[in-house]
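Chains, contacts and geometry: an overview
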Amino acid sequence: MQAAAQAQPNIALVKYWGKQDIKRNVPATPSLSITLDALWARTTVRFSEENERDSLSINGITDPSQLQRVTAALDRLRRLSGETNYADVSSTTNFPVSAGLASSAAGFAALVTAGCSALGADLSAQDRSRLARASSASAARSVFGGFVELQTEQPDPAAQPLLAETEWPLNVAVIVTSTRAKQTSSTAGMNQSARASVFYDAWVDSAPRDFADARRAVLHQDFQMLADISEANCLKMHAVMLSTQPALMYWNGATVEVILRVRDLRARGIPAFFTIDAGPQVKIVSLPGHRAAIEQAVRDTPGVVDIIHSSLGAGARLLGG
Ligand code: PMV
């Protein structure tokens, strides 16, 4: 009754911020993402009658703060399979968790994939995506590789693959500007924005247009168009965060400086654009062949602590053994 799986974080280019159905965890806005290759979460799930409760360790440390969400995910798996035993969940990552690097996306995609296998539940990728979404909506997207969409018309939506990573091999440089865990989780932050940002309704109303345009840009492999939409959509989400009362400020000084340097790169004709999630890290998406120029532009920025280069990667999968 044990299985292990790996999943990678995904970075949204058209973002989800706000829920239309809090109970079922259905986003208010459609989103479009790219799954990374270089970062991973590897998760082992073991159901056993010897366990007296569910337990969770992340990178070797017992983590009670996330246990409630993990137990809720395990309960969904237990309900669908008839399993009654508790589970040990242990996860390792090769990047800092809870710092705006989509650790929950990779973690829950890996948890659901491993958990289904441990219970002998042969679910389609779409059904695993639906289950992952119930824990963390962005996790629905990490079930798939390459370019992935998560539409929101259905009451219980799953993500869908849009374009394989091999079809349009973009690069991503993750500019780490802090490894501290963020103060406000995405879920808490987006629910505050829905209640207390005067821009929230405009954000939700304008999202389908951004999504449709980005989808077209991906299908036509139009980098310029994808760059324009992604940067505008990212800044719009951060405007909603900043206008929430009390304000949600996920950036630090280095975040702003890196944004300015990417704008300079673009002005010099380098095909690169920035995007930022609920944290201070900046992800620079580029066409292949510009790694040195990007590295040179940002590496001496005060506050930059690491640069991780990645290509686009595959979806969640079982690990053998
Ligand atoms: O799925 P969550 O609860 O981790 O929220 C993700 C929110 C953003 O990363 C800011 C945007 C997105 O679409 O991934």
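Rules used throughout
Residues numbered from 1 in each chain as written. Predicted model: local features only at pLDDT ≥ 70, side-chain atom pairs only at ≥ 80, totals over all residues. Heavy atoms only, no water. Near = heavy atom within 4 Å. Polar contact = N/O pair within 3.5 Å; in protein donor to acceptor, adjacent residues only side chain to side chain. Areas by Shrake-Rupley, 256 points an atom, 1.4 Å probe, with all protein chains shown as cover. Helix = DSSP H or I, 4+ residues; strand = E, 2+ residues; numbered from the N terminus. Domains from an automatic or database assignment. Contact = heavy atoms within 4.5 Å. Buried area = accessible area lost by both parts, 1.4 Å probe. Salt bridge = Lys/Arg side-chain N within 4 Å of Asp/Glu carboxyl O. Phe/Tyr/Trp six-rings, centres within 6.5 Å; stacked < 30°, edge-to-face > 60°. Buried < 20%, exposed > 50% of the residue type's maximum accessible area, 1.4 Å probe, protein only. Lys NZ or Arg CZ within 6 Å of the ring centre and 35° of its normal. Pairing = 2+ DSSP bridges. Axes fitted to C-alpha atoms, helices over the stretch in contact; angles between N-to-C directions.

Right, let's get into the site of the ligand. In the neighbourhood of the ligand, 15 residues make up the surrounding shell, with A12, Y16, S136, S138 and R141 lying closest. Separating an oxygen atom of the ligand from a side-chain N or O atom of S138 is a distance of 2.7 Å. Calculation on the ligand without its partners gives an accessible area of 380 Å², and the protein chains cover 92% of this total. In terms of residue count, the dominant contributor to the shell around the ligand is helix α5 (residues 186-196) (three residues).

For the rest of this paragraph, the subject is the domain arrangement of the chain. You can read the domains of the chain as domain 1 (2-164) and domain 2 (171-311). Taking only C-alpha atoms, the centre of domain 1 and the centre of domain 2 are 23 Å apart. Counting from both sides, the interface comprises 31 residues of domain 1 and, opposite them, 49 residues of domain 2. For the pair domain 1 and domain 2, the two sides together bury roughly 3200 Å², of which 72% comes from carbon and sulfur. At the boundary of domain 1 with domain 2, the tally comes to two salt bridges. Here E149 and R215 are joined by a salt bridge, their closest N and O atoms 2.6 Å apart. Only β2 (10-14), β5 (31-35), β10 (147-150) and β11 (160-163) provide two or more residues apiece to the side of domain 1 that touches domain 2.

Right, let's get into the packing of aromatic side chains. The full count for this structure, using the stated rule, is three aromatic pairs. With 5.4 Å between their ring centres and 50 degrees between their planes, F223 and F273 make a pair best called tilted. Of this pair, F223 sits in helix α7 (residues 223-242) while F273 sits in strand β13 (residues 272-275); the two residues are 50 residues apart in sequence, bridging distant segments of the chain. For F223, a relative accessible area of 8% translates into the label buried. Judged by its relative accessible area of 0%, F273 is buried. Over the face of the ring belonging to W40 we find R42, whose NZ or CZ atom lies 3.6 Å from the ring centre.

Turning our eyes to something else, we now look at the sheet that holds strand β8 (residues 61-62). Pairing is mixed in the open sheet, where six strands are placed in the order β8-β7-β9-β6-β1-β16. Two strands bound the open sheet, and with one partner strand each, they are β8 and β16 (317-319). In this structure, strand β7 (residues 55-58) lies alongside β8, joined through two bridges in antiparallel fashion. Across the sheet, the residue bridging to I58 is I61, located in β8. Packed on one face of the sheet, helix α1 (residues 67-81) meets β6 (41-48), β7 and β9 (86-93) and runs near 125 degrees to β9.

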